[in-house]
Amino acid sequence: MTTSSKKIPADSLKSTHLSGAFPIPGDKSISHRSLIIASQLLGVSTIYNMLESEDVAATASALRSAGV
């Protein structure tokens, strides 16, 4: 059985507003990534189900120290 890789062209347009929810369980690597991605966005981000651990708290603290 062969699988074909069909390429689908896509355009990326500038968005003026983006919102959504992604329900996922608490996980250390996802918690770090959520903080880092949110730190790059304008406005307020709310992250639910953040894993409470020392290293995730350290990432949050480092971002706060950087002025995020």
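It should be noted that the structure appears before, not after, this text.
Residues numbered from 1 in each chain as written. Predicted model: local features only at pLDDT ≥ 70, side-chain atom pairs only at ≥ 80, totals over all residues. Heavy atoms only, no water.

## Here we look at helix α1 (residues 28–39)
Part 1 of the reasoning: With 12 residues, α1 extends 17 Å between its outermost C-alpha atoms, agreeing within 8% with the 16 Å of an ideal straight helix rising 1.5 Å per residue.
Part 2 of the reasoning: Inspection of α1 places Ser 31, His 32, Leu 35, Ala 38 and Ser 39 among the buried residues, and these make up the whole buried set. What you see down the axis of α1 is that its buried residues fit within an arc of 140°, all on one side. In α1, the exposed positions that point more than 90 degrees away from the buried face belong to Arg 33 and Ile 37.
Part 3 of the reasoning: Check the buried side of α1 and you find it contacts α2 (54–65). (Helix = DSSP H or I, 4+ residues; strand = E, 2+ residues; numbered from the N terminus. Expected span 1.5 Å × (residues − 1). Buried < 20%, exposed > 50% of the residue type's maximum accessible area, 1.4 Å probe, protein only. Arc of directions from axis to C-beta. Contact = heavy atoms within 4.5 Å.)

## A look at the pattern of salt bridges
Part 1 of the reasoning: This structure, assessed with the given rule, holds 1 salt bridge.
Part 2 of the reasoning: The partner of Lys 28 in a salt bridge is Asp 55, and the shortest N-O contact between them spans 3.5 Å. Within this pair, whereas Lys 28 is found in helix α1, its partner Asp 55 is found in helix α2, the two being separated by 27 residues in sequence.
Part 3 of the reasoning: A relative accessible area of 31% means that Asp 55 is categorised as partly exposed. (Salt bridge = Lys/Arg side-chain N within 4 Å of Asp/Glu carboxyl O.)

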